[in-house]
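Close look at the chain arrangement
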Amino acid sequence: MHTDGSGLHVVLTGAPGCGKGTQARILKERAHICHLSTGEMLRAEAQKDTPLGRDLKAALDRGEFATDEMIIEMVSNRIDLDDCQNGFILDGFPRTLPQAQALEKILVQKGIKLDRVIEIQVPDEIIMERILGRYSCMQCGQGYHDKFLKPKVYGVCDVCGGTTFARRRDDNRATVQNRLVNYRMLTYPTIPYFEKEGLLSCVDGTGTIESTAAKIALVLGLAQKR
Ligand code: AMP
């Protein structure tokens with residue numbers, strides 16, 4: 001099918017910390033399609049000193065979800081923009097059954113076919129260790145980990161040479177526990193929904209970043225990188 005990835009429309013789903021963001025960034029480069037992270041959109045909004053920004057900041061700090069109405073409108077408007085016309089990866093959306101149903105309607109209205117929903121599977125014990133150790137470059141967003149992925153030179157980003165790094169405010173034990181509960185309760189029901197639609201593929205996300213990326217490429221029928 002899409003051997004170069006153009007025209008691909010993909011949902012990456014799975015528990016927090018399963019590697020959706022990392023894999024979406026790799027797939028974006030490989031397939032030249034847009035990476036839409038609802039978490040990143042919400043974090044940008046939460047930095048604003050507005051009533052919405054303050055509400056969102058409080059919700060994100062507790063590991064609670066934004067409302068379906070708001071997030072559905074945000075995604076629907078975002079995929080109309082020019083940079084999504086060659087395809088997109090949805091990272092972190094849909095996160096509830098109503099969001100999954102709304103996505104289906106939105107795509108029908110816009111004449112877009114969803115190619116695949118990929119669930120990246122990682123057990124909870126591994127997730128906590130991954131999330132509590134992760135941080136990223138404040139300049140280019142490149143992700144690192146205290147134990148599994150350190151910059152080659154201490155304190156210097158491999159990609160852009162930046163020297164300032166940050167951890168996400170919601171990457172603390174209490175909030176991650178809440179995010180995992182919300183994942184099981186609210187997001188997990190979307191998995192059988194997509195399975196019934198014949199769209200679901202599951203990928204083991206416990207290996208290296210590269211091995212998971214190769215499995216995703218295989219599922220999507222993308223040509224192997226040389
Ligand atoms: P993420 O960057 O995907 O881990 O998302 C960070 C946080 O943003 C989540 O813990 C939720 O609180 C919120 N969030 C992200 N995507 C959604 C969504 N589709 N619906 C509701 N809340 C979301």
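Attention in this report is confined to the structure presented alongside it. (Residues numbered from 1 in each chain as written. Predicted model: local features only at pLDDT ≥ 70, side-chain atom pairs only at ≥ 80, totals over all residues. Heavy atoms only, no water.)

Scanning the model with the defined rule gives 17 salt bridges in all. Here Asp158 makes a salt bridge to Lys152, at a shortest N to O gap of 3.9 Å. You can call Asp158 partly exposed: its relative accessible area is 37%. Linked through salt bridges whose partners overlap, the residues forming this network are Arg134, Arg168, Asp170, Asp171 and Arg179. (Salt bridge = Lys/Arg side-chain N within 4 Å of Asp/Glu carboxyl O. Buried < 20%, exposed > 50% of the residue type's maximum accessible area, 1.4 Å probe, protein only.)

Let us look at the sheet that holds strand β1 (residues 9–13). The parallel open sheet is built from five strands, whose spatial order is β2-β3-β1-β4-β8. A single partner strand is all that each edge strand has here, and the edge strands are β2 (34–37) and β8 (200–204). Here the average twist between neighbouring strands, direction ignored, is 20°. Each of β1, β2, β3 (88–91) and β4 (116–121) is contacted by helix α1 (residues 20–31), which is oriented at about 175° to β3, the strand it contacts most. (Pairing = 2+ DSSP bridges. Helix = DSSP H or I, 4+ residues; strand = E, 2+ residues; numbered from the N terminus. Axes fitted to C-alpha atoms, helices over the stretch in contact; angles between N-to-C directions. Contact = heavy atoms within 4.5 Å.)

The next subject is helix α3 (residues 51–62). Along an α-helix, residues three or four apart share an orientation, since each turn contains 3.6 residues. End to end, α3 covers 17 Å across twelve residues, agreeing with the expected 16 Å (1.5 Å per residue, within 8%). For α3, the full list of buried residues reads Gly53, Leu56, Ala59 and Leu60. For α3, the angular spread of buried residues about the axis comes to 130°, placing them on one side. Turned more than 90 degrees from where α3 packs its buried face, Pro51 and Asp55 sit exposed. (Expected span 1.5 Å × (residues − 1). Arc of directions from axis to C-beta.)

A few words on the site of the ligand. Among the 16 residues in the neighbourhood of the ligand, the closest are listed as Thr38, Glu64, Gly92, Gln99 and Arg168. Arg43 places a polar side-chain atom, nitrogen or oxygen, 2.9 Å from an oxygen atom of the ligand. Between Gly92 and the ligand, the recorded distance is 2.9 Å, taken from a backbone N or O atom to a nitrogen atom. Summarising the interface, the protein chains cover 97% of the accessible area of the ligand, which totals 480 Å² for the free molecule. Among the elements that make up the shell around the ligand, the one with the highest residue count is helix α2 (residues 38–46) (four residues). (Near = heavy atom within 4 Å. Polar contact = N/O pair within 3.5 Å; in protein donor to acceptor, adjacent residues only side chain to side chain. Areas by Shrake-Rupley, 256 points an atom, 1.4 Å probe, with all protein chains shown as cover.)

Inspection of the entire model under this criterion finds five aromatic pairs. With centroids separated by 5.6 Å and ring planes inclined at 80°, the aromatic side chains of Tyr135 and Phe165 adopt a geometry described as edge-to-face. Of this pair, Tyr135 sits in strand β5 (residues 134–137) while Phe165 sits in strand β7 (residues 165–166), and the two are 30 residues apart along the sequence. Judged by relative accessible area, Tyr135 falls into the buried class, the value being 15%. Here Tyr193 and Phe194 contribute two aromatic rings whose centre-to-centre distance is 5.3 Å and whose plane-to-plane angle is 75°, an arrangement assigned as edge-to-face. By the burial criterion, Tyr193 is buried, and Phe194 matches it. Pairwise contacts between aromatic rings join Tyr135, Tyr144 and Phe165 into one cluster. (Phe/Tyr/Trp six-rings, centres within 6.5 Å; stacked < 30°, edge-to-face > 60°.)

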